Amino acid sequence: MGYVRIMAGRTTMRVVAAVVAALASTLVWAAHDVEPAGAAVAGSRFVPLEPRRLLDTRPGQGPADDGVEGMVGAGGLIEVQVTGRAGVPATGVSAVVLNVTMTEALAPGYVQVLPAGAGSIGSSSNLNVERTWQTIANQVTVPIGAGGRVALYTQSGGHLLADVSGYYTPTAAATAGRYVPLASGPVRLVDTRSPSSVPTPDPGDTLSCRDFPTWETAWRWYWTYFPRWGDRAHLDDNGNGIPCEGIPFPGRVATPPADVFALGAGGTLRLPIATGTDLGGGLGDPGTISAIVATVTVADATAPGFWQVVPTGVVPGGASHLNADRAGQNISNQVIDPVGADGTITVFSQTGGHVIVDVAGVVTGPASPASSIGLFVPITPSRFVDTRDATNTPQVGPIPPGTAIDVATSDRFGIPAGVTAVATNTTITASGGSGFVQVSPPGLVPIGASSNLNVDRPGQTKSSAVYAAVDAGGRFSIYTQGGGDLLAPRLRTCGDLPRDSDTWPKISVSTKGSWRRCSSAL
């Protein structure tokens, strides 16, 4: 499959990173399903929820029980009750997964999410606002604080929204709710700009050229199904790639429409997660996967609007995962989404554009074996690496274009040696041009085979949650801009920065917890 073709030019960056969770090695945590000597924390399983809104400070638009209404001013700190609401139990919750959105921002700045009554303002960030009136979202995994609440701090002010997509509950072992990163590294599930990657059901031999009112409708139908199923309806009699040549139309072509799989306004795209669906494919047997962890990227947004991923069968619109704020934008966010009863998920677009889904891992389902492997252990958010700060980074100064830095996790911030994945919030700041950031185990995933963070112009500051698998030495790699296909127009318009430029991008990564090591067994 292809990858997100939104990079252009050459960009260097600095990296700031904070680990938010880790996945402990079988050798360390799960060899005997007991805690190692001196362990201070127990594991938790993840319970996915249908996305529901917990907070919306816009007047008259939030839930009746959110307790907060009105613009949050610069330096404002609000607390939100999480437990006992929107499907989250009143007790027994160790951490929660939220999609946090800032809208109608008053000025550039950052948003930080932390346990109520704990943590330190400014020690990490989750959302970065670039300009006044911007709308921007990011996924956050945060430990539950005092009274079952979490706190949201905004440096510069604006309206805040929070949608819950699941929670962690302590347990010694579990069937469902254990996180399993894909052994191959992130896998591209779909890229709607590449017709061959889009799953479609078998249309059967049910239509003929007489059923299409225009040649263009026949052409679009033909190319919707041809990449996977061939000419099932026998619309191309002579095999030249042009269907229904008997319907008059000037300029008929034997190539697919460039936007054949782009979602229109209100459009949806159904994707297989379990095997055995009408779409084929799938990542695991039915019942073995309760949710997926994926980076969802919107490319070439048609207009401002929101995107949401839901279990198939759930009506979208009650929450959001990504927000495009202008036509042509490229933007990404990590999503944890439950799988529908039919084994699929559905992507919804309010206003349209292309979508790319890169799956990093899955959450086990009830048909999986009981184990402590893959349980989550939250830790206090801490800055893990910052290329602007020599005290906690493997490299000080800008990362040259087409290169990566390796980040060690073992024996740092309470993460034991032998971890296999960490949950991070990764931030790029002062980007030098449009491009992508890829987080993966060093050397495992081809450059450009997936992406986690996308910038589409110089000078941006953007963040994204990333559940990053690590290698046997406990390292993950952060790669920026290089390799793969380039969009020539952007390549031409974005010049290189001088190597001594102080505007080179910087990246940050922060830590909030750890899982026990995940096996490949679902």
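All values reported here derive from a predicted model rather than from experimental measurement.

### Considerations on the overall build of the protein
Along the backbone of the protein there are three helices and 26 strands. Sorting the 522 residues of the protein into buried and exposed places 60% on the buried side. A sequence separation of at least 24 residues applies to 83% of the contacts in the protein between residues at least 6 apart. Surface exposure of the protein reaches about 18400 Å², of which carbon and sulfur atoms provide 55%.

### Here's the deal with the layout of surface pockets
Picture a little ball the size of a water molecule; that probe, rolled over the atoms, points out where space is still empty. What the second largest pocket holds in volume is close to 300 Å³. Every residue lining the second largest pocket is counted, 16 residues in all, and those nearest its centre are Arg-58, Thr-103, Thr-135, Phe-306 and Asn-323. Broken down by class, the residue content of the lining of the second largest pocket amounts to five nonpolar, eight polar and three charged.

### Brief notes about the sheet that holds strand E5 (residues 109-115)
Spatially, the four strands line up as an open sheet ordered E3-E8-E5-E6, and their pairing is antiparallel. Edge positions in the open sheet fall to strand E3 (76-81) and strand E6 (127-129), since each of these has one partner strand only. Here the average twist between neighbouring strands, direction ignored, is 20 degrees. Direction of pairing for E3 relative to strand E8 (residues 149-154): antiparallel, over a ladder of six bridges. Following the sheet pairing, Leu-77 is matched in E8 by Tyr-153.

### Describing the nonpolar core
By size, the foremost hydrophobic cluster in this structure holds 74 residues, and its most contacted members are Val-150, Leu-152, Ile-292 and Val-357. Broken down by element, the residue count for this core peaks at seven residues, all from helix H2 (residues 215-229). Within the second largest apolar cluster, 18 residues are counted, among which are Phe-384, Val-422, Val-439 and Ala-468.

### Some details on the confidence of the model for the protein
Mean pLDDT over the protein: 80, with 81% of residues reaching 70 or higher. Counting contacts from residues 482-522, a segment whose pLDDT is below 50, to residues more than four positions away or on other chains yields 206 contacts.

Criteria and thresholds
- Residues numbered from 1 in each chain as written.
- Predicted model: local features only at pLDDT ≥ 70, side-chain atom pairs only at ≥ 80, totals over all residues.
- Heavy atoms only, no water.
- Helix = DSSP H or I, 4+ residues; strand = E, 2+ residues; numbered from the N terminus.
- Buried < 20%, exposed > 50% of the residue type's maximum accessible area, 1.4 Å probe, protein only.
- Contact = heavy atoms within 4.5 Å.
- Areas by Shrake-Rupley, 256 points an atom, 1.4 Å probe, with all protein chains shown as cover.
- 1 Å grid on protein atoms, 1.4 Å probe; cavity = no way out; pocket = protein on both sides within 12 Å on 5 of 7 lines; lining within 4 Å.
- Points joined across faces, edges and corners; volume = space filled by probe spheres on them.
- Nonpolar A, V, L, I, M, F, W, Y, C, P; charged D, E, K, R; others polar.
- Pairing = 2+ DSSP bridges.
- Axes fitted to C-alpha atoms, helices over the stretch in contact; angles between N-to-C directions.
- Core = buried A, V, L, I, M, F, W, Y, C linked by side-chain atoms within 4.5 Å.
- pLDDT = per-residue confidence, 0-100.

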